[in-house]
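# An overview of the molecular structure
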2 protein chains.
Amino acid sequence: MALNKIVLIGAGNVATHLGKALVHVGYNVAQVYSRTTESAKTLAVLLGTEYTTELDAICMDADIYIVSLKDSVLPELIPYLVEKREKSLFVHTAGSISVDIWKGHALRYGVFYPMQTFSKCRDMDLANVPFFVEANDENECQYLRDLAGSLSSKVYDATSEQRKILHMAAVFACNFTNHMYVLCNHLLIKNGLSFEMMLPLIDETASKVHELLPKEAQTGPAVRYDLNVINRHLDMLKEEPDVQDIYEKISKSIHRYDKL
Amino acid sequence: MALNKIVLIGAGNVATHLGKALVHVGYNVAQVYSRTTESAKTLAVLLGTEYTTELDAICMDADIYIVSLKDSVLPELIPYLVEKREKSLFVHTAGSISVDIWKGHALRYGVFYPMQTFSKCRDMDLANVPFFVEANDENECQYLRDLAGSLSSKVYDATSEQRKILHMAAVFACNFTNHMYVLCNHLLIKNGLSFEMMLPLIDETASKVHELLPKEAQTGPAVRYDLNVINRHLDMLKEEPDVQDIYEKISKSIHRYDKL
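Residues numbered from 1 in each chain as written. Chains lettered and ligands numbered in written order. Predicted model: local features only at pLDDT ≥ 70, side-chain atom pairs only at ≥ 80, totals over all residues. Heavy atoms only, no water.

## Observations concerning the pattern of salt bridges
Note that side chains of opposite charge can pair when their charged atoms are close. Definition in use: Salt bridges are counted wherever a side-chain nitrogen of Lys or Arg sits within 4 Å of a carboxyl oxygen of Asp or Glu. Only runs of H or I of at least four residues qualify as helices and only runs of E of at least two qualify as strands under DSSP, and these elements are numbered from the N terminus. The cut-offs for exposure are 20% and 50% of the maximum accessible area for each residue type, with area from a 1.4 Å probe on protein chains only; residues under the lower value are buried, those over the upper are exposed, and the others partly exposed.
Inspection of every chain in the model, using the stated rule, returns 34 salt bridges over all chains. As a salt-bridge pair, A:R232 and B:D71 come within 3.8 Å of each other at their nearest N and O atoms. Within this pair, whereas A:R232 is found in helix α9 (residues 227-236), its partner B:D71 is found in the loop between β4 (64-67) and α3 (74-82), the two belonging to separate chains. Residue B:D71 is classed as buried on the basis of its relative accessible area of 8%. One network of salt bridges, in which partners are shared, links A:D245, A:K249, B:D245 and B:K249.

Laid out in structure tokens, this is it:
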């Protein structure tokens with residue numbers, strides 16, 4: 001397995017973390033492709049491998065091509081990429097894209113989705129990251145399970161329909177949660193207060209849902225339906241109507257779910 | 001200090017966790033007051049102390065009365081509570097209520113605000129919880145700093161104005177974040193998927209902002225402004241217009257903050 005030749009198509013956050021982890025466990029990441037020289041080169045140097053910015057120069061004989069690009073690029077890229085590489089296995093890493101995007105192009109294909117938030121500037125141990133795999137054939141699927149299993153202890157089969165739900169749910173759990181931190185930080189900074197003081201609260205909020213259902217863990221003015229506090233906060237936000245609107249919508253939603 | 005006689009007014013989440021921590025470090029929590037017998041008795045048993053449900057039966061000679069009740073109850077309660085107990089120190093634990101609520105009633109008063117999310121069914125070590133204290137007089141303030149300092153290593157002075165901002169920011173960092181977990185769980189359960197798989201993502205989302213500014217930590221379709229994915233998600237949520245609305249509002253807000 002360690003001799004398998006891997007090519008990374010893309011050099012963004014996901015490609016960077018997958019590439020580092022694959023090299024770390026001994027895989028041969030033979031080449032990195034990206035449209036921009038800077039990102040291709042940066043990742044190639046990090047992995048001690050080659051890079052190219054030309055589709056025509058992507059090597060022909062990799063065992064697996066792992067595609068981590070913005071979703072909208074895939075439909076036009078796939079025909080070029082698969083051409084004359086029919087014996088190889090192709091996978092993409094996007095949560096929201098069906099495995100069928102490869103159908104009619106590649107003969108051996110699948111999905112290799114690590115459900116995590118990756119930032120280039122932050123190191124990440126993939127050992128606990130859930131990987132969701134899917135393929136057009138049981139052999140390929142087993143290959144992907146093994147590949148994921150060499151990086152993480154959490155490997156699951158998921159259909160494209162399931163993965164779409166997981167990805168959307170992850171947007172709430174991660175991206176929208178992080179935006180709550182952004183708004184929190186914005187309100188603090190604006191008033192000369194430090195975000196650092198929020199970290200014990202943020203940590204406990206995340207820790208609680210390891211033990212309690214999220215609904216059971218809810219606290220604060222909205223779940224108490226404490227209109228005194230809610231209205232004072234809405235008044236404090238009156239100069240920022242967009243933030244005020246988010247405050248009101250989420251408070252109403254908290255109250256609604258509490259009654260369910 | 002350990003001989004100081006403390007009375008807890010209220011037996012909810014905050015009173016429960018404060019009471020346990022105070023008893024644990026050796027304070028004499030002499031009595032618990034709550035309007036309902038069940039909650040008064042439960043907390044009193046837990047702390048090995050007395051309880052009452054009658055305002056008239058609250059003991060007269062405590063050194064400090066710590067009031068942890070729903071904000072809206074305070075204005076009517078305070079005159080009864082303070083009457084004939086003018087020598088005692090009175091504090092409330094609410095983030096959003098000004099210290100001035102005591103003015104004209106008590107002679108010695110302040111605020112003792114632990115900024116954390118407390119649920120009765122979950123144990124909590126207060127050692128890292130930020131406490132924000134304020135008082136009408138430097139002596140009382142030092143007393144409150146010492147009291148907080150015996151429970152936590154993180155004790156700060158904060159004016160009522162600062163505390164209001166902290167409390168509102170905490171609603172975003174904690175209550176609204178937890179609601180994102182609620183919505184995530186709702187979407188998963190509805191589709192037969194398990195919330196547990198989200199925990200590594202939730203933990204990493206919280207951990208990232210120890211190192212990165214929240215804005216730098218942002219990932220996902222909204223910050224990439226990937227309208228393909230955003231519109232697919234909005235379409236998947238069309239049977240839940242309230243959730244769809246929240247998805248749209250937060251996505252727009254993420255995009256707006258990314259451009260700032």
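## A look at the sheet that holds strand β8 (residues 155-157) of chain B
Residues and elements named next belong to chain B. Going by this rule: Should DSSP find at least two bridges between two strands, the strands are taken to pair. Fitted lines through C-alpha atoms serve as axes, helices being fitted only where they are in contact, and the angles separating the N-to-C directions of these axes extend from 0 to 180 degrees.
With mixed pairing, eight strands are arranged side by side in an open sheet as β3-β2-β1-β4-β5-β6-β7-β8. At either end of the open sheet lies a strand with only one pairing partner, and these are β3 (50-52) and β8. Across this sheet, the average inter-strand angle for adjacent strands is 25 degrees, counted without regard to direction. Across four bridges, β4 lies against strand β5 (residues 89-92) in parallel orientation.

## Notes on the interface of chain B and chain A
The condition is simple: Note on contacts: a residue pair qualifies if any of its non-hydrogen atoms lie within 4.5 Å across the two residues. When two parts are brought into contact, each loses some accessible area as probed by a 1.4 Å sphere; the total of that loss over both is the buried area. Under this definition, polar contacts are N or O atom pairs within 3.5 Å; protein pairs additionally need one hydrogen-donor-capable and one acceptor-capable atom, and for neighbouring residues in sequence, both atoms have to be side-chain atoms. In the scheme used here, Gly and all other residues not listed as nonpolar or charged are polar, with Ala, Val, Leu, Ile, Met, Phe, Trp, Tyr, Cys and Pro taken as nonpolar and Asp, Glu, Lys and Arg as charged.
Taken together, the contact between chain B and chain A spans 94 residues of the former and 94 residues of the latter. Summed over both partners, the interface of chain B with chain A buries about 9,000 Å², with 68% contributed by carbon and sulfur atoms. The tally of links from chain B across to chain A stands at ten salt bridges. The salt bridge involving A:E204 is made with B:R122; its shortest N-O contact spans 2.7 Å. Viewed at the interface, chain A and chain B are joined by 32 residue pairs in polar contact (both at pLDDT 80 or more). Elements represented by at least two residues in the side of chain B that touches chain A include exactly α5 (160-190), α6 (199-211), α7 (214-217), α8 (221-224), α9 (227-236) and α10 (241-259) of chain B. In the side of chain B that touches chain A, the residues fall into 49 nonpolar, 26 polar and 19 charged.

## So, the relation of the copies chain B and chain A
Quick reminder of the rule: Fitting of the copies onto one another was done by least squares over C-alpha atoms, counting residues only where both copies have pLDDT of at least 70.
Least-squares fitting of chain B to chain A yields an RMSD of 0.0 Å, with the transformation described by 0.0 Å of translation along the axis and a rotation of 180 degrees. Here the copies are linked by what is in effect a two-fold axis. The rotation axis passes nearest to the C-alpha of B:T177 in chain B, at a distance of 2.5 Å.

## Some points on the sheet that holds strand β1 (residues 5-9) of chain A
Residue and element names in this part refer to chain A. Taken in spatial order, the eight strands of this open sheet run β3-β2-β1-β4-β5-β6-β7-β8, and their pairing is mixed. If you trace the sheet from one side to the other, it starts and ends with β3 (50-52) and β8 (155-157), each paired once. Averaged over all adjacent pairs, the angle separating strand axes in this sheet is 25 degrees, with direction ignored. With respect to the sheet, helix α2 (residues 37-47) is in contact with β1, β2 (28-33) and β3, its orientation differing from that of β3 by roughly 165 degrees.

## Observations regarding the packing of aromatic side chains
Here is the rule: Aromatic rings from Phe, Tyr and Trp, with only the six-membered ring used for Trp, were paired whenever their centres fell within 6.5 Å, and each pair was classed as stacked if the ring planes differed by under 30 degrees, edge-to-face if by over 60, and tilted otherwise.
Counted according to the given criterion, the structure contains 16 aromatic pairs over all chains. Each ring, one from A:F112 and one from A:F131, has its centre 5.2 Å from the other, and the planes form 55 degrees; the classification is tilted. With a gap of 19 residues between them, A:F112 in strand β6 (residues 108-114) and A:F131 in strand β7 (residues 131-135) connect regions that are remote in the sequence. Taken individually, A:F112 and A:F131 each receive the classification buried, so the pair is uniform in this respect. Centroid distance B:F172 to B:F176: 5.0 Å. Interplanar angle 75 degrees. Geometry classified as edge-to-face. Of this pair, B:F172 and B:F176 both sit in helix α5, four residues apart, which is roughly one turn of the helix. Owing to a relative accessible area of 0%, B:F176 belongs among the buried residues under this scheme.

## Overview of the nonpolar core
The tendency in soluble globular proteins is for nonpolar side chains to be buried side by side. How we decide: Grouping buried Ala, Val, Leu, Ile, Met, Phe, Trp, Tyr and Cys residues that are joined through side-chain atoms within 4.5 Å yields what is termed a nonpolar core.
Counting residues in each nonpolar core, the largest one holds 132 residues, and the members touching the most others are A:I9, A:F172, A:M198, B:I9, B:F172 and B:M198. Once residues lying within four places of it in the same chain are set aside, the contact partners of B:M198 are A:M115, A:L166, A:A169, A:A170, A:A173, B:C184 and B:L188.

## Quick word on helix α10 (residues 241-259) of chain A
Here is the rule: The span expected for a helix works out to 1.5 Å for each residue beyond the first.
Relative to the 27 Å expected for 19 residues at 1.5 Å per residue, α10(A) spans 27 Å between its end C-alpha atoms, a close match to the ideal helical length. Where α10(A) is concerned, the buried positions are A:V243, A:I246, A:Y247, A:I250, A:S251, A:S253, A:I254, A:H255 and A:Y257. Residues of α10(A) that are buried sit in contact with α5 (160-190), α7 (214-217), α8 (221-224) and α9 of chain A together with α5 and α10 of chain B.

## Structural notes on the side chain of A:R145
Residue and element names in this part refer to chain A. In this structure, R145 sits in helix α4 (residues 138-149). Using a relative accessible area of 18% as the deciding quantity, one classes R145 as buried. Polar contacts involving the side chain of R145 include one to the side chain of D157, which spans 2.8 Å. Among residues more than four places away in sequence, those in contact with R145 are V133, E138, V155 and D157.

## Observations regarding the confidence of the model for chain A
The cut-off we apply is this: Per-residue confidence from the predictor is given as pLDDT, running between 0 and 100.
Averaged over all residues, the pLDDT of chain A is 95; the fraction at 70 or higher stands at 99%. Taken over the whole predicted complex, pTM reads 0.93, whereas the ipTM for its chain interfaces reads 0.94.

## Let's talk about helix α4 (residues 138-149) of chain B
All names here are of chain B. Spanning twelve residues, α4 covers 16 Å between terminal C-alpha atoms, matching the ideal 16 Å at 1.5 Å per step. Listing the buried residues of α4 in full gives E140, C141, Y143, L144, R145, L147 and A148. The opening residue of α4, the one whose side-chain oxygen lies 2.7 Å from the backbone nitrogen of N139, is D137.

## Some thoughts on the state of the cysteines
Residues and elements named next belong to chain A. Here is the rule we go by: Criterion for a disulfide: a pair of cysteine sulfur atoms within 2.5 Å.
Counted by the stated rule, this structure contains zero disulfides over all chains. Left without a disulfide partner, C121 is nearest to the cysteine sulfur of C174, which lies 14 Å away. The exposed category is assigned to C121, whose relative accessible area is 56%.

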